[in-house]
Amino acid sequence: MKLAIILAILLILIGGCFIVGYSIMQDGKTTHTISGTQELVLNAQDLQQLGMTENDCQTDENYGNVVDSSLGQYSFCNYTISSLNDTEVVVELQKFANLEALNGSYQYSSLHLFSVEGLISENVYGDQSRFRVNNVNDYGGQFNEPGVYYYHLWICKDMYLIHIISGGRNQEAGEHVTRIGQQILSKFG
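Residues numbered from 1 in each chain as written. Predicted model: local features only at pLDDT ≥ 70, side-chain atom pairs only at ≥ 80, totals over all residues. Heavy atoms only, no water.

Caption draft 1: The pattern of salt bridges, seen in detail. In total, this model carries 4 salt bridges according to the counting rule given. As a salt-bridge pair, D138 and R132 come within 3.0 Å of each other at their nearest N and O atoms. Taking relative accessible area as the criterion, D138 reaches 7% and is therefore assigned buried. Under the relative-accessibility criterion, R132 is labelled buried at 3%. A salt bridge links E145 to R169, with the nearest nitrogen and oxygen atoms 2.0 Å apart. Here E145, found in the loop between strand 7 (130-133) and strand 8 (149-157), pairs with R169, found in the loop between strand 9 (160-168) and helix 4 (173-186); they are 24 residues apart in sequence, far enough to count as distant. (Salt bridge = Lys/Arg side-chain N within 4 Å of Asp/Glu carboxyl O. Buried < 20%, exposed > 50% of the residue type's maximum accessible area, 1.4 Å probe, protein only. Helix = DSSP H or I, 4+ residues; strand = E, 2+ residues; numbered from the N terminus.)

Right, here's the structure in full:
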């Protein structure tokens, strides 16, 4: 009887190790686990590929979440898209301590003050993604300068909230915002 119990425990352990090992391998590649927002910041190769330059990038290792006061990480980067008349792009990267803080912050920042009329897509870049452009029906939208486009892309991935914002007179900036989001998502492996 003891031998059967020991054998069953060994089988469970071996099976568990196999499942964990299998989940780490995808298409013959080892997936990379992101440990902080700094790893998601666009590097020189990313910037060259996207046709952008970095203006400033800062990381706060002990970021206090506004929604529930949990600690996480926060990176804030400012870029310029040279090919679009120097259109400005801001990338906010937040790592949360738990899913409740992530979901609360995502819902608040992606829905707060925005009308449904500017919504371009939902869940195209993974669960809980929203892509939108400013609209006159947004809170305070009547004060936006005509011909200026503010694109927002929110993406949740693991414990991270990625928020990409562009502002400028070039309507093509929306395409660049989505390419930036895809580039950041590729870092997850």
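Caption draft 2: The state of the cysteines, seen in detail. Under the definition given, this model contains 1 disulfide. Across a sulfur-sulfur distance of 1.9 Å, C57 and C77 are joined as a disulfide pair. Within this pair, whereas C57 is found in strand 3 (residues 52-64), its partner C77 is found in strand 4 (residues 71-81), the two being separated by 20 residues in sequence. Assessed through its relative accessible area of 24%, C57 is described here as partly exposed. We classify C77 as buried; its relative accessible area is 0%. (Disulfide = S-S within 2.5 Å.)

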